[in-house]
Amino acid sequence: MSTVKKHLLEDMTFLEFQERMSEDPVILIPLGSQEIQGPMVPMGDFMLTREIASLVAEKTGAIAAPTMPFGYAEYFRSVPGGIALSADAFRATLRDMLDNFLDHGLTRLVILNGHSGNAPLIDQVIRSVRRDHDVLVPSINLWRSIPDDLWKELHGDFGKKAFAHGGDPITSVYLHLFPDLTRMDAVEIDAAFGKMLDLPTAGLSGVRFQGTEIALPVNVDDHCSNGIAGGDARKSSADKGARFVEHLIAFCSDFVEHMRSVPSSTEPKAKGELAK
């Protein structure tokens, strides 16, 4: 019988998980999305979060829960093949996921979020958990946790400007983790972006008027024709992807170790006392 400690919850029997509960383990909650990423890489970016969570769990002894593959991605719903949850459905599903651990006294929960569009709703959910359970659930926005100096190392003077939908870090990480699923021959950069209200779109969040961004419900195909919404996948490579993944594993692993050393609940305060 193998003595290797399992690190994926989906691979464990319930008895194996019960044995691990005595460790008060850190549980990783991986989140992602199923959305257009351009013509060159798969829509299932949740696969990237799943792999990173698995590698972090294996390195640290944490346990990675199954990855929720669908996120809040309203601006991608107009493209066939995407599967986006409504805001209400996303909040309810994430809260149910967390409650299933909290109900059994497991409070060292860490969200690994691989889709930035989820972030505002995650904030609402973890605030409700704090309010209802007095438990602090941190959330790491994976791609936005990559530091500026690494962007400069990998992209030179272009630096963090390479961080854009349809470019890096997603494309490079795909080239590193799933090279057989990539289609770099299909990369084609749009010469111009779209317009709404006869104004140029500004990413997926609005339009520009007299140099100022005005919020508007832009869909990805209002902005560009192929999902490359400001990125440049021609600058991506498997070597860059390896460095992104190396950083993310190290950073998330350090955070897991930190979570083991601190209480997961807030300290009680006297009525009216402000946090110090």
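Structure first, text after, so check above.
Residues numbered from 1 in each chain as written. Predicted model: local features only at pLDDT ≥ 70, side-chain atom pairs only at ≥ 80, totals over all residues. Heavy atoms only, no water.

(A) A look at the packing of helix α6 (residues 170-177) against helix α8 (residues 238-260). It is at 7 Å that the axes of α6 and α8 come closest, and there the two elements cross at 95°. Regarding the angle of α6 to α8, the classification is roughly perpendicular. Residues S172, V173, L175, H176 and L177 of α6 lie in contact with α8, whose contacting residues are A238, K240, G241, A242, F244 and V245. Of the residues that constitute the contact of α6 with α8, the class distribution is seven nonpolar, three polar and one charged. (Axes fitted to C-alpha atoms, helices over the stretch in contact; angles between N-to-C directions. Helix = DSSP H or I, 4+ residues; strand = E, 2+ residues; numbered from the N terminus. Parallel < 35°, antiparallel > 145°, perpendicular 65-115°, else oblique. Contact = heavy atoms within 4.5 Å. Nonpolar A, V, L, I, M, F, W, Y, C, P; charged D, E, K, R; others polar.)

(B) Helix α5 (residues 148-155), seen in detail. Taken residue by residue, α5 has L150, W151, L154 and H155 as its buried positions. All buried residues of α5 lie within an arc of 110° about the axis, which places them on one face of the element. Facing away from the buried surface of α5 by more than 90 degrees, the exposed residues are D148 and D149. The secondary structure elements touched by the buried residues of α5 are α8. A positive backbone phi angle near 60° is found at G156, which sits one or two residues after α5. (Buried < 20%, exposed > 50% of the residue type's maximum accessible area, 1.4 Å probe, protein only. Arc of directions from axis to C-beta.)

(C) Inspection of the environment of A53 at higher detail. Note on placement: A53 falls in helix α2 (residues 46-60). Separated by 106 residues in sequence, A53 and G159 place their C-alpha atoms 26 Å apart.

(D) Local environment of the side chain of T201. Within the element layout of this structure, T201 appears in the loop between β6 (199-200) and β7 (206-209). A residue is classified by how much of its surface remains accessible, and T201, at 8% relative accessible area, is buried. Residues in contact with T201, not counting those within four places in the same chain, are F193, G194, K195, M196, G206, V207, V218, D222 and H223.

(E) How the structure looks around the environment of K152. Here K152 lies in helix α5. Remark: the alpha-carbon pair of K152 and A162, spanning ten residues in sequence, is separated by 9.5 Å. Not counting residues within four places of it along the chain, the set of residues in contact with K152 comprises D157 and G159.

(F) Geometry of the nonpolar core. Ranked by internal contacts, the top residues of the largest apolar core, which has 38 residues, are L28, L112, L142 and W143. Looking at this core, the elements that each hand over two or more residues are α2, β3 (109-113), α5, α6 and α8. Beyond its immediate stretch of four places on either side in the chain, W143 contacts L48, I52, G114, F163, P169, I170, V173 and L248. By size, the runner-up hydrophobic cluster in this structure holds 25 residues, among which are I27, I29, A65 and M97. (Core = buried A, V, L, I, M, F, W, Y, C linked by side-chain atoms within 4.5 Å.)

(G) Seen up close, the sheet that holds strand β2 (residues 63-64). What the four strands build is an open sheet, ordered β2-β1-β3-β4; its pairing is parallel. Strands with a single pairing partner mark the edges of an open sheet, and in this sheet they are β2 and β4 (139-141). Bridging between strand β1 (residues 27-31) and β3 involves five bridges; their strand directions are parallel. Paired with L28 across the bridge in β3 is V110. (Pairing = 2+ DSSP bridges.)

Geometric descriptors of this kind do not, in isolation, establish any biological role.
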